[in-house]
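Each chain is listed here by its residues.
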There are 2 protein chains.
Amino acid sequence: MTGPGRGRPRSEAVHRAVLSATCELVEEVGYERLSIEGVAARAGVGKQTVYRRWAGKSALVTEAVLTGRLAVPDQTVRDTGDLRADLLLWLQALVGLLGQEATASLVRATASAAADDADAAGELYARFTGPLHATLVDRLAAGVDVGQVRPGADLSAVADALIGAPLYRVLARAEPVTTSGTEDLLDALLTGLSPLPPGVPAEGIDRR
Amino acid sequence: MTGPGRGRPRSEAVHRAVLSATCELVEEVGYERLSIEGVAARAGVGKQTVYRRWAGKSALVTEAVLTGRLAVPDQTVRDTGDLRADLLLWLQALVGLLGQEATASLVRATASAAADDADAAGELYARFTGPLHATLVDRLAAGVDVGQVRPGADLSAVADALIGAPLYRVLARAEPVTTSGTEDLLDALLTGLSPLPPGVPAEGIDRR
C-alpha cells in the first residue's frame, strides 16, 4: 500500500500528512465525497504524490483505519453474569456507532476496500471484524459455562448474525440503523421466536 | 450509468456487448481480476468506449446485475406449513450460492458499488436485497398467523440477521461460506439459545 520512498524522513512526513487529511475528510464529508484531489489539497501535497503511494481511495481509507487513526469502539463484551444485558449493551453501542453517518461511511469504505483486495480484507478482519466476532463468541461461551446457553450450539453462527444484522442495514441503506430491532433480535436468539406452549407464565417473560 | 449515445442502434449493440463481456468475465475471473481493458477486449470495443459510458468496474458490474444478465436465485420462501423446513431450504440455497466464488465475487462487487454510490445502492436494493428481505418477513408473518411465531416480534430484525449472517461471511472472507452453521442459527432464532430446565419450558423466563 505504500510507495518505495516510505521510511525516509521527508517521505514519512508526507505519508502521515496524507493519512491525517484522509481521516479529517472521512469525518467531514464521508467516503462518497472524499476525493484524492481533496486529500492532496488538505495534506498540502501534489495529487500525483498520493496516486504514487496508494491505488485509490479505498486503499487510502484502509490504511488510515489500520494505522489506528480513526476511532474504534471498545470491543469487549462485558461479563456481569447477565448475558442478555451484556449483549444488549454491546450491541447497542455497536449500532449506535453504525448509525452515525461518518462511521457508516467508513464501514462501507472498508467493505469496498475489502471487496477489491483480498489482502486488505485480511488486514481489516484481523484488526476489526475478527476481534468483534471473537468477543461475542467468548461471551456466549461463558454463558454455556454457567448454564445460560445450551451446549453444542454453533456460537460462531450466532455471532455472524449479531454482527451481520447491523452490517446488512449499513450496506443496504434501505432502513436507518437504529437500536429499535436490536432488543427483539437478541430476544429471538436467546429465547426463540416460537410461542411458548400453553401453561407457561407469560408475565415472567421478557419480550418487548 | 449510460452515455448519451445509448438508444441509437449501433450504440445499443455496443452497450449490450460490453455488458455481456462483463458477465462472462465476472464468472470466469471474478471481480478482483476483472479489468476495463479485459472487458473492452472481450467486447471488441476500444477501452475509451467503456470509460465514456461507465464510471468504473463497479458501475459496469452493477448495471450488468441490474439488467438481469447474471443468475439470480429463486427468491421466494415457500410455505409448506413447516416454518423451519421452509426457512432452512431457502437459507441453504442462498448460502450455497454465496459459497460459490463467482457469486461471492459478485456480491462483494455489488457491495463495493453500493458503498461508492447511493443511487446504485438504491437500485441494487430494489432489485435484489429488498425482495430477499421481504420474502423472509412474509414467511415469518405467515408463521405468526398460524401460531408458529409469537406475535409482536420484530420480523424485520430477524430477516436482517438471516441475510446478514452469510453476508458477513462473504465480506469478511475469514471463514468459508458453508451451510454448517445455517441450521444452528435457525434453531437459535426459532427456539432460543437458552437451555431448557428439566420439565419446564423456561427459556423465556426473565433472567435478570
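Residues numbered from 1 in each chain as written. Chains lettered and ligands numbered in written order. Predicted model: local features only at pLDDT ≥ 70, side-chain atom pairs only at ≥ 80, totals over all residues.

(A) Main features of the interface of chain B and chain A. Every contact between the two is made by 53 residues of chain B and, on the other side, 56 residues of chain A. Within the residue set of the side of chain B that touches chain A, elements represented by two or more residues are helix H1 (9–33), helix H6 (101–116), helix H7 (118–145), helix H8 (155–172) and helix H9 (182–191) of chain B. Of all the elements, H8(B) adds the most residues to the side of chain B that touches chain A, at 13 residues. (Contact = placed C-beta atoms within 7 Å. Helix = DSSP H or I, 4+ residues; strand = E, 2+ residues; numbered from the N terminus.)

(B) Expanded view of the relation of the copies chain B and chain A. The operation relating chain B to chain A is a screw motion whose rotation component is 180 degrees, with 0.0 Å of axial translation and a residual RMSD of 0.1 Å. In short, the pair behaves as if placed about a two-fold rotation axis. The share of interface residues of chain B whose copies in chain A are also at the interface is 94%, consistent with both copies meeting through the same surface. (Least-squares fit on C-alpha atoms with pLDDT ≥ 70 in both.)

(C) Examining helix H5 (residues 83–98) of chain A more closely. Residue and element names in this part refer to chain A. Compared with an ideal rise of 1.5 Å per residue, which puts 16 residues at 22 Å, H5 spans 22 Å between its outermost C-alpha atoms and is within 8% of the ideal. Of all the residues in H5, the buried ones are Leu 83, Arg 84, Leu 87, Trp 90, Leu 91 and Leu 94. Buried residues of H5 fall within an arc of 140 degrees about the axis and therefore sit on the same side. Residues of H5 that are buried in the fold lie against helix H7 (118–145), helix H8 (155–172) and helix H9 (182–191). (Expected span 1.5 Å × (residues − 1). Buried ≥ 20, exposed ≤ 12 C-beta atoms within 10 Å, placed from the backbone. Arc of directions from axis to C-beta.)

(D) How the structure looks around the nonpolar core. Judged by nonpolar contacts, the single largest core of 115 residues is most densely connected at Val158(A), Ala161(A), Leu189(A), Val158(B), Ala161(B) and Leu189(B). Residue contacts for Val158(B): discarding those within four places in its chain leaves Leu185(A), Ala188(A), Leu193(A), Leu140(B), Ala153(B) and Leu189(B). (Core = buried A, V, L, I, M, F, W, Y, C linked by C-beta atoms within 7 Å.)

(E) Structural detail: the domain arrangement of chain A. Residue and element names in this part refer to chain A. Taken domain by domain, chain A consists of domain 1 (9–66) and domain 2 (83–204). One C-alpha centre belongs to domain 1, the other to domain 2; they are set 31 Å apart. Each partner contributes residues to the interface: domain 1 has eleven residues there, and domain 2 has 14 residues. Listed by contribution, the elements that provide at least two residues to the side of domain 1 that touches domain 2 are helix H1 (9–33) and helix H4 (57–66). With six residues, the single largest contributor to the side of domain 1 that touches domain 2 is H4. Residue composition of the side of domain 1 that touches domain 2, grouped by class: six nonpolar, three polar and two charged. (Domains from an automatic or database assignment. Nonpolar A, V, L, I, M, F, W, Y, C, P; charged D, E, K, R; others polar.)

(F) Region of interest: the confidence of the model for chain A. All names here are of chain A. Across chain A, the average pLDDT comes to 81, with 85% of residues at or above 70. Helix H2 (residues 36–43) holds the highest mean pLDDT among the elements of chain A, 95, whereas helix H6 (residues 101–116) holds the lowest, 77. In this model, residues 1–7 is a region of pLDDT below 50 whose contacts with residues beyond four sequence positions or in other chains number twelve contacts. Scored below 50 in pLDDT, residues 198–208 shows eleven contacts in the model against residues more than four places distant or in partner chains. (pLDDT = per-residue confidence, 0-100.)

(G) Up close: H4(A). In terms of residue burial, H4(A) counts as a mostly covered element, since eight of its ten residues are buried. Among all positions in H4(A), only Lys57(A), Ser58(A), Leu60(A), Val61(A), Thr62(A), Glu63(A), Ala64(A) and Val65(A) are buried.

(H) Seen up close, the packing of helix H4 (residues 57–66) of chain B against H7(B). Residue and element names in this part refer to chain B. Between H4 and H7, whose axes approach to 10 Å, the crossing angle comes to 25 degrees. Looking at the two axes, H4 sits roughly parallel to H7. Pair H4 / H7 crosses with left-handed handedness. In this structure, H4 contributes Thr 62, Val 65 and Leu 66 to the contact, and H7 contributes Ala 120, Glu 123, Leu 124 and Arg 127. (Axes fitted to C-alpha atoms, helices over the stretch in contact; angles between N-to-C directions. Parallel < 35°, antiparallel > 145°, perpendicular 65-115°, else oblique. Left-handed = near helix turned anticlockwise from the far one by under 90°.)

(I) The arrangement of the environment of Ser58(B) in detail. Positionally, Ser58(B) belongs in helix H4. Residues Ser58(B) and Ala111(B) lie 53 residues apart in sequence; the distance between their C-alpha atoms is 9.1 Å.

(J) The arrangement of the environment of Ala109(A) in detail. Residue and element names in this part refer to chain A. Checked against the element boundaries, Ala 109 lands in helix H6. Residue classification places Ala 109 among the buried positions, given that 25 C-beta atoms sit within 10 Å. With 94 residues separating them along the chain, Ala 109 and His 15 place their C-alpha atoms 20 Å apart.

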